[in-house]
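The primary structure of each chain is shown beneath.
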Amino acid sequence: MPTRSLVMTQIFPISSGITLRCFTDHRFKHGCMSIQLVRPMCRHEASMNALLPAVLLRGSESCPDLRHITLRLDDLYGASVGALVRRVGDYQTTGLYSSFTEDRFAMAGDQILEPMLAFLQELLLSPLLEDGAFCGDFVESEKKNLISTIESQLNDKRAYAMEQMIRSMCANDTFGIPRLGEKEDVAAITPRALYDHYRRILRTSRIDLFYVGSAAPEKVAKLTQAMFVGMERSFEALPAQTALRSAPETDRAEHMDVNQGKLCMGFVTPVTIRDDGFVATQLLNMIFGGGMASKLFSHIREEMSLCYAIGSGFHGSKGILTVSAGIDSHMDETVRREVLHQLRACQEGEIRDEELAAAKEALRSSLLATHDSPGAIENYYASAVLSGLPLTPGQYIQKVEQTTLAQVRDAAKLLKLHSVYFLKGGSL
C-alpha cells in the first residue's frame, strides 16, 4: 500500500532506492513524469552527470537517431522529452523530464501514458551503443553543446559575477561546484568513461520519479514497476543535506571590459530550508531585496539612483543570501555601505507594516503559482523532497501569514556578510 506525504501526493516504493511520487490533478490536458538519478554533488562527476541525459536523448535501440525519436513522440500526440539536471544543496540530479497528453484526451482506443513510460524506459535503459560504449559522435556533439552552454554564461556578466562569488564563498562546500560542471572536465569525457559512469550510477543511485496527472496512482505505480523489472541494483544511501561549510571570507575584484560594474555580496545565516526560521528568512529576503517593493530597490535604485539594477536571493538549502547590483564602477564602496545600512535597518526592526504586507503578498502569489501547471508542480514537490522542505505550498502560505515582524527582525540579525565580488571595467 502507498503511504501519504504531501497533500494529494502518494508515495510508492518501486525497488531498492527507487521511489515514485504521484500528484493527482485533474485540471490539466497534459501530464508529466520526471526521472532523476540523485547524486552527491562532486567535481569529478558533475560534468558527466550534466552530459549524460543529452547523450541518452540522441538515440536508443529502436530509435537510433533524433529523427526516429521525433517520430515516436509525434505518434504519442506530440509528447516531449528533455534533459533534467538540477543542483539542490549537496545534491545534483541527472535524468529526463517528459510532458504528454492525458489518456482521457486521446482518441477512442488510444493510450498515451503506458507507451510514453515504455519509451522513457527505453531512452533511460536501452541507449544506442557503439563497440560497447556510447556512440562517439553523440558524445562529441553533446560535449560541444555543453561546453558552449557553459561558455555562454560568461556573456551574462551578472550571472558570471554571482558564480564567481559563490565559488569563493563555497570553496569548502559542494555548493561551489557549478551545476553543469567545468568545461575542462567536459572536454576530457570519453564515450567509454561516460558509459561506465552511466552503468555505475544507474546501479547505485537513488532514483526519484514524479508523476503529475489524472491517472490512478496505482496504475502509474504498476507501469513504473514494469520499467525497472530485472534491473541490477546495489543502492548507496545519500548523505544528509548540510548547512554551508564556510570558507574564509573573501573580497575580490576582477577587471573585464564591461560598461557596467557587477557587485555581488554574499551573506550567511545558520537558517536553512529545513529549519523553523526559514519562512521568516524568506520574508526578510523579500523585504530586503527580493522585489520592486524591497528596501534595496526602492532606496538604493529609485531614491538614491546609485545603481541600474539591484536585488537579493535566498539559497535556502545552504543558508546563503546574495545581493547583486549593476553599478557604475566608481560607486562600489557607496553601494556596499548602503546595502549594509539597509540590512541594519531590517535588523533594528525598521520595517513598515506595508513592507511586511507586500512581502507576504509577493511570497503568497509565488506559492500559489506552483499549482499553475504540471511542470511547476513537479518542480516544487520534487525539489522539496531533495532539499528537505517539509511544507506544501498551502502549509507554506499559512506559515507566511503567521510570521511576525519580530521573527523577520530576528532572522535579519542572524545574517552576516561573508564575501564580496566586484566585476569592474577599467584598471584595478
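All figures in this text were calculated on a predicted structure; none of them were measured in a lab.

Undergrad: Honestly, the overall build of the protein in this entry has me stumped. Any pointers?
TA: The helix and strand tally for the protein stands at 15 helices and 14 strands. Against the 2.2 N^0.38 benchmark of 22 Å for 428 residues, the protein shows a C-alpha radius of gyration of 23 Å, consistent with a compact globule. When the backbone C-alpha atoms are referred to their principal axes, the protein occupies close to 65 × 50 × 40 Å. By residue count, 56% of the 428 residues in the protein fall in the buried class. In the structure as shown, the protein presents an accessible area of about 18,400 Å², 51% of it carried by carbon and sulfur atoms. Taken together, the 45 basic and 51 acidic charged side chains of the protein have centroids lying 3 Å from each other.

Undergrad: What should I look at first to understand the sheet that holds strand β13 (residues 320–327) in this one?
TA: Strand pairing within a sheet occurs via backbone hydrogen bonds; the two strands may be parallel or antiparallel. Taken together, 5 strands build an open sheet; the order of strands is β10-β14-β11-β13-β12 and the sheet is mixed. Edge positions in the sheet fall to β10 (250–255) and β12 (309–315), since each of these pairs with one other strand and no more. Across the sheet, the axes of successive neighbouring strands diverge by a mean angle of 15°, strand direction being ignored. In terms of strand pairing, strand β11 (residues 261–268) meets strand β14 (residues 416–424) through 7 bridges, oriented antiparallel. By the bridge assignment for β14, Cys-264 is matched with Tyr-421.

Undergrad: Please explain the pattern of salt bridges as it appears in this structure.
TA: Here the idea is simple: oppositely charged side chains can pair when their charged atoms come close. Per the counting criterion, the structure on display carries 28 salt bridges. Residues Glu-140 and Lys-143 are paired through a salt bridge, measuring 3.2 Å at the closest nitrogen-oxygen approach. Of this pair, Glu-140 and Lys-143 are both found in helix α4 (residues 136–152), 3 residues apart, which corresponds to roughly one turn of the helix. We classify Glu-140 as partly exposed; its relative accessible area is 36%. Overall, Lys-143 belongs to the buried group, its relative accessible area being 6%. One salt bridge connects Arg-352 with Glu-355, and the closest N-O pair in it is separated by 3.7 Å.

Undergrad: Looking at this structure, how should I read the side chain of Glu-122?
TA: Of note, Glu-122 is situated in helix α3 (residues 113–125). Glu-122 has contacts with Ser-60, Glu-61, Ser-62, Cys-63, Arg-72 and Pro-127, leaving out every residue within four places of it along the chain.

Undergrad: Just to check I follow, could you spell out the packing of aromatic side chains for this structure?
TA: Here a ring pair, both rings aromatic, is described through the centre-centre distance and the interplanar angle of the planes. Counted under the stated rule, the structure contains 9 aromatic pairs. Ring plane angle 90° and centroid distance 6.3 Å describe the contact between Phe-267 and Phe-288, whose orientation is recorded as edge-to-face. With Phe-267 in strand β11 and Phe-288 in helix α9 (residues 278–288), this residue pair connects regions lying 21 residues apart in the sequence. Take Phe-267 and Phe-288: they sit in the same class, and that class is buried. Residues Phe-278 and Tyr-396 carry aromatic rings whose centres are separated by 5.8 Å and whose planes lie at 55° to one another, so their mutual orientation is tilted.

Undergrad: Hey, could you run me through the packing of α9 against helix α12 (residues 353–368) in this one?
TA: For any two helices packed against each other, the geometry comes down to the angle between their axes and how far apart the axes lie. In the contact formed by α9 and α12, the axes pass within 9 Å of each other and the chain directions differ by 110°. The orientation of α9 with respect to α12, classified from their angle, is roughly perpendicular. Handedness of the crossing formed by α9 with α12: right-handed. The residues of α12 that touch α9, namely those facing Gln-282, Leu-283, Met-286 and Ile-287, are Glu-355, Leu-356, Ala-359, Lys-360, Ala-362 and Leu-363. Residue composition of the contact of α9 with α12, by class: 7 nonpolar, 1 polar and 2 charged.

Undergrad: Please explain helix α2 (residues 66–75) as it appears in this structure.
TA: Residues spaced three or four apart along an α-helix face the same direction, because each turn holds 3.6 residues. For α2, the N-terminal capping position is held by Asp-65, with its side-chain oxygen 3.2 Å away from the main-chain nitrogen of Arg-67. Just downstream of α2, Tyr-77 is the residue with a positive phi angle, here 60°.

Undergrad: Can you help me understand the environment of Ile-273 in this one?
TA: With respect to the helices and strands, Ile-273 occurs in the loop between β11 and α9. The class of Ile-273 is buried, set by a relative accessible area of 12%. Excluding its chain neighbours within four sequence positions, the residues that come into contact with Ile-273 are Phe-278, Gly-316, Ser-317, Ser-387, Leu-389 and Pro-390.

Undergrad: What should I look at first to understand the nonpolar core in this one?
TA: Inside soluble globular proteins, nonpolar side chains tend to come together where they are buried. Core analysis: the largest hydrophobic core is formed by 59 residues, its most contacted members being Leu-20 and Met-33. With 7 residues, the single largest contributor to this core is α3. When sequence neighbours within four positions are dropped, the list of residues in contact with Leu-20 reads Gln-10, Ile-11, Phe-12, Ile-14, Met-33, Leu-209, Tyr-211, Val-220, Ala-221 and Thr-224. With 54 residues, the next largest nonpolar core counts Val-323, Ile-327, Ala-382 and Ala-412 among its residues.

Undergrad: Help me understand unusual backbone geometry, please; the structure alone is not making it clear to me.
TA: Of all residues except glycine, most have a negative phi; of all peptide bonds, most are trans. Even without glycine at this site, Asp-131 takes up a positive phi of about 55°. Note on placement: Asp-131 falls in the loop between β7 (129–130) and β8 (133–134).

Undergrad: Is there a simple way to explain the pairing of β12 in this structure?
TA: Each regular strand displays side chains that alternate between the two surfaces of the sheet. Relative to β13, β12 runs antiparallel, the two being bridged by 7 bridges. Each residue of the ladder has a partner; that of Ile-310, found in β13, is Ala-325. The hairpin formed by β12 and β13 contains 4 residues between the paired strands, and Gly-319 there has a positive phi angle of roughly 75°.

Undergrad: How should I be thinking about the pairing of β13 in this particular structure?
TA: Most of β13 sits out of view: 8 of its 8 residues are buried. Every second residue of β13 is oriented toward a common face, with Ile-320, Thr-322, Ser-324 and Gly-326 on one face and Leu-321, Val-323, Ala-325 and Ile-327 on the other, all of them buried. Pairing of β11 with β13 involves 8 bridges; the strand directions are antiparallel. Within β13, the position partnered with Phe-267 by the bridge is Leu-321.

Parameters and conventions
- Residues numbered from 1 in each chain as written.
- Predicted model: local features only at pLDDT ≥ 70, side-chain atom pairs only at ≥ 80, totals over all residues.
- Heavy atoms only, no water.
- Helix = DSSP H or I, 4+ residues; strand = E, 2+ residues; numbered from the N terminus.
- Rg over C-alpha atoms; globule rule 2.2 N^0.38 Å.
- Buried < 20%, exposed > 50% of the residue type's maximum accessible area, 1.4 Å probe, protein only.
- Areas by Shrake-Rupley, 256 points an atom, 1.4 Å probe, with all protein chains shown as cover.
- Lys, Arg positive; Asp, Glu negative; His and termini not counted.
- Charge placed at Lys NZ, Arg CZ, Asp CG, Glu CD.
- Pairing = 2+ DSSP bridges.
- Axes fitted to C-alpha atoms, helices over the stretch in contact; angles between N-to-C directions.
- Salt bridge = Lys/Arg side-chain N within 4 Å of Asp/Glu carboxyl O.
- Contact = heavy atoms within 4.5 Å.
- Phe/Tyr/Trp six-rings, centres within 6.5 Å; stacked < 30°, edge-to-face > 60°.
- Parallel < 35°, antiparallel > 145°, perpendicular 65-115°, else oblique.
- Left-handed = near helix turned anticlockwise from the far one by under 90°.
- Nonpolar A, V, L, I, M, F, W, Y, C, P; charged D, E, K, R; others polar.
- Polar contact = N/O pair within 3.5 Å; in protein donor to acceptor, adjacent residues only side chain to side chain.
- Core = buried A, V, L, I, M, F, W, Y, C linked by side-chain atoms within 4.5 Å.

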